[in-house]
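So you can see what is in the structure, the chains are spelled out below.
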Amino acid sequence: MCISFSMPVIAAQAENAKPVNKAWALPALILNDLDGKEHNLYEWRGKVIMLNFWATWCGPCQIEIPYFMKYQQNYAGQGLQIVGIGLDEAQKLRNYARTLGINYPILRAGPEQQYALLNQWGDPSAVLPFTVIIDREGRLVFRQIGVFNDEAFETIVKPLLEESGGLRR
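Residues numbered from 1 in each chain as written. Predicted model: local features only at pLDDT ≥ 70, side-chain atom pairs only at ≥ 80, totals over all residues. Heavy atoms only, no water.

Points about the overall build of the protein
Assigned secondary structure in the protein consists of 4 helices and 10 strands. Mapped from its N terminus to its C terminus, the protein presents α and β elements in the order β-β-β-β-β-β-α-β-α-β-α-β-β-α. Across the 169 residues that make up the protein, the buried fraction comes to 48%. In the protein, 64% of the contacts between residues at least 6 apart in sequence involve partners at least 24 apart. Carbon and sulfur atoms provide 52% of the accessible area of the protein, an area that totals close to 8,300 Å². (Helix = DSSP H or I, 4+ residues; strand = E, 2+ residues; numbered from the N terminus. Buried < 20%, exposed > 50% of the residue type's maximum accessible area, 1.4 Å probe, protein only. Contact = heavy atoms within 4.5 Å. Areas by Shrake-Rupley, 256 points an atom, 1.4 Å probe, with all protein chains shown as cover.)

Below, the structure written as structure tokens:
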């Protein structure tokens, strides 16, 4: 049995634990992908971002990754960008991503960064999987510990994708 729950959309800013609701107000998320190339989350600004923290040893993470692959394939053209943050050894992440054919970027957080990143993005208990939804304007609109399922995608993400370029009039 998997238990999922959403939490208020507030993340702690690392320096002073002051609540923020904009992704770009947090310290820059700059990590290497599985090939060693550096990426900044800001590269995907203007898109609806599903930021997913996971590990290869996490059973619930393994359940949701095929769904994420389906979402990326079906909705990339509407501005969806899933970004996985792997909290595991690089080789294990590479093997897992290759075996499944993961079709979205996987960035790796080393052991020294993991807890600080999870806390910064709103998961101080460091429970995986953990997913954060960022709208086109950089607002943190949703976060969830546990498996992110089709119902959550339909309710939270799809309406953000349907917004005209993310602009509200």
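A word on the packing of aromatic side chains
The final tally for this structure, using the stated rule, is 8 aromatic pairs. Note on Trp54 and Tyr96: the rings are 5.6 Å apart at their centroids and 45 degrees apart in plane angle, and the pair reads as tilted. With a gap of 42 residues between them, Trp54 in strand β6 (residues 48-54) and Tyr96 in helix α2 (residues 90-100) connect regions that are remote in the sequence. Judged on exposure class, the residue Trp54 and its partner Tyr96 are both buried. Residues Phe142 and Phe148 carry aromatic rings whose centres are separated by 6.1 Å and whose planes lie at 70 degrees to one another, so their mutual orientation is edge-to-face. When sorted by exposure, Phe142 lands in the same class as Phe148, which is buried. (Phe/Tyr/Trp six-rings, centres within 6.5 Å; stacked < 30°, edge-to-face > 60°.)

Regarding α2
For α2, the set of buried residues is Leu93, Tyr96 and Ala97. The buried side chains of α2 occupy one side of the element, clustering within an arc of 95 degrees when seen end-on. With respect to the buried face of α2, the exposed residues turned more than 90 degrees away are Arg98 and Thr99. Looking at the buried residues of α2, the elements they touch are β6, α1 (59-75), β7 (80-86) and β8 (106-108). (Arc of directions from axis to C-beta.)

Topic: the pattern of salt bridges
On inspection of all chains with the given rule, the structure shows 5 salt bridges. A salt bridge links Arg139 to Asp135; its shortest N-O distance comes to 2.8 Å. Residue Asp135 is classed as buried on the basis of its relative accessible area, which comes to 3%. One salt bridge connects Glu154 with Lys158, and the closest N-O pair in it is separated by 3.5 Å. Taken as a pair, Glu154 and Lys158 lie in helix α4 (residues 150-162) at a separation of 4 residues, close to a single helical turn. For Glu154, a relative accessible area of 44% gives the class partly exposed. (Salt bridge = Lys/Arg side-chain N within 4 Å of Asp/Glu carboxyl O.)

Things to note about the nonpolar core
Within the largest apolar cluster, 51 residues are counted, with the highest numbers of intra-cluster contacts made by Met50, Leu51, Phe53, Leu80, Ile85, Trp121 and Phe148. Beyond its immediate chain neighbours, meaning those up to four positions away, Phe148 contacts Met50, Glu64, Phe68, Tyr71, Thr131, Ile133, Phe142, Phe153 and Val157. (Core = buried A, V, L, I, M, F, W, Y, C linked by side-chain atoms within 4.5 Å.)

Overview of the side chain of Gln114
Position of Gln114 relative to the elements: it lies in helix α3 (residues 111-121). A relative accessible area of 15% means that Gln114 is categorised as buried. Polar contacts involving the side chain of Gln114 include one to the main-chain carbonyl oxygen of Ala109, which spans 3.2 Å. (Polar contact = N/O pair within 3.5 Å; in protein donor to acceptor, adjacent residues only side chain to side chain.)

A short note on the pairing of strand β10 (residues 140-145)
Most of β10 sits inside the fold, with 5 of its 6 residues counted as buried. Direction of pairing for strand β9 (residues 130-134) relative to β10: antiparallel, over a ladder of 5 bridges. Residue pairing for β10: Phe130 is matched across the bridge by Ile145. Adjacent in sequence and paired antiparallel, β9 and β10 are bridged by 5 residues, among which Gly138 carries a positive phi angle near 90 degrees. (Pairing = 2+ DSSP bridges.)

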